[in-house]
Amino acid sequence: MIERIHCEWSEASPELAMRYPDDVRYHAKHGESLDQCDAWVCVCGNRSHLAGFYPCDRDGNGLEPLASGPWDGRLYYCDACRRIIDQTTGAVVGFRTPDAKDYS
Ligand SMILES: [Zn+2]
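On a predicted model such as this, the values are computed, not experimentally measured, just so you know. The residue count restarts for each chain, going from 1 along the sequence in the order it is written. Side-chain atom pairs in this predicted model are given and counted only at pLDDT of 80 or more, local residue features only at pLDDT of at least 70, and totals for whole chains, interfaces and linings cover all residues.

The next thing to look at is the overall build of the protein chain. The secondary structure content of the protein chain amounts to 2 helices and 6 strands. The numbering of helices and of strands both runs from the N terminus, where a helix is a DSSP run of H or I of at least 4 residues and a strand a run of E of at least 2. Mapped in sequence order, the helices and strands of the protein chain form the string β-α-α-β-β-β-β-β. Atoms counted for the radius of gyration: C-alpha only. Globule rule: 2.2 Å times the number of residues to the power 0.38. In terms of C-alpha radius of gyration, the protein chain reaches 14 Å, essentially the compact-globule figure of 13 Å for 104 residues. Each principal axis of the C-alpha distribution contributes one length, and for the protein chain these read about 45 × 25 × 25 Å. Split into buried and exposed, the 104 residues of the protein chain put 20% on the buried side. Note that contacts rest on C-beta atoms placed from the backbone: two residues are in contact if these are within 7 Å. Here the contacts in the protein chain between residues at least 6 apart in sequence split such that 52% fall between residues at least 24 apart. Buried means a residue has 20 or more other C-beta atoms within 10 Å of its own C-beta, exposed means 12 or fewer, and partly exposed covers the counts in between; C-beta atoms are placed from the backbone.

Put into C-alpha cells, the structure is as follows:
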C-alpha cells in the first residue's frame with residue numbers, strides 16, 4: 001500500500017470553507033497535484049508550518065532547491081518522521097537513510 005500525504009484543505013470544516021471560499025476552490029482544483037499545494041499534511045501529521053518539509057535527494061540528504069546537482073525538483077523529506085515524499089503525487093517513496101544530512 002502506498003502512503004500519501006494530503007492537502008489540509010481537503011478536510012476543511014464547513015465554517016472554514018465559508019470563510020475562505022477562494023482557498024477551498026484553489027485546493028479542490030489542484031486535486032492530486034500536490035506540487036501546487038502549500039498546505040501539506042504528512043502521514044505522521046506534520047505540516048508546513050510545524051516541522052516542515054525540505055528538498056532532498058533519493059537518500060534524504062537535504063539540498064538547496066536551486067543548487068546544481070542531483071536534485072530533480074521532486075523529492076522532499078518530512079522533518080518529523082523522515083518520510084521522503086514525491087511532491088508531484090504526494091506519494092511516500094521511502095525514508096531518509098540514518099546518516100542523511102539535514103537541509104541547512
Ligand atoms: Zn511525516
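Additional details are given in the paragraphs that follow.
In this section: the sheet that holds strand S3 (residues 53–55). When DSSP finds two or more bridges between two strands, those strands count as paired. The antiparallel open sheet is built from 4 strands, whose spatial order is S3-S4-S5-S6. The open sheet has two edge strands, S3 and strand S6 (91–95), and neither has a second partner. Looking at each pair of strands side by side, their axes are set apart by 35° on average, direction ignored. Pairing of strand S5 (residues 83–86) with S6 involves 4 bridges; the strand directions are antiparallel. Structural elements are reduced to axes, namely lines fitted to C-alpha atoms, with helices fitted over the stretch in contact, and the angle between N-to-C directions of any two is expressed from 0 to 180 degrees.

This next bit is on the pairing of strand S4 (residues 75–78). On S4, burial covers both faces: Leu75 and Tyr77 on one face and Tyr76 and Cys78 on the other are all buried. As paired elements, S4 and S5 share 3 bridges and run antiparallel to each other. Paired with Leu75 across the bridge in S5 is Asp86. Joining the antiparallel neighbours S4 and S5 is a turn of 4 residues, in which Arg82 adopts a positive phi near 75°.

Within the secondary structure layout, Glu11 lies in the loop between strand S1 (6–7) and helix H1 (14–19). Between the C-alpha atoms of Glu11 and Val24, which are 13 residues apart in sequence, the distance is 9.8 Å.

Another point: the environment of Ala17. Note on placement: Ala17 falls in helix H1. If near-sequence neighbours (up to four positions away) are discounted, Ala17 is found in contact with Ala12 and Val24.

Our next topic: the nonpolar core. Counting residues in hydrophobic clusters, the biggest one holds 16 residues, and the most contacted among them are Trp40, Phe53, Cys56, Tyr76, Tyr77 and Ile85. Broken down by secondary-structure element, the contributors of at least two residues to this core are S4 and S5. With 4 residues, the top contributor of residues to this core is S4. Every residue in contact with Ile85, bar those within four places of it in the chain, is listed here: Ile5, Phe53, Leu75, Tyr76, Cys78, Gly90 and Val92. Core membership is restricted to buried Ala, Val, Leu, Ile, Met, Phe, Trp, Tyr and Cys residues, and these are joined into a nonpolar core through C-beta atoms within 7 Å.

Quick look at the confidence of the model for the protein chain now. For any part of a model where pLDDT is low, the fine detail of the predicted coordinates should not be relied upon. pLDDT measures the predictor's confidence residue by residue and takes values from 0 up to 100. Across the protein chain, the average pLDDT comes to 91, with 91% of residues at or above 70. At the low end of the mean pLDDT range in the protein chain sits S3, at 93; at the high end sits strand S2 (residues 40–41), at 98.

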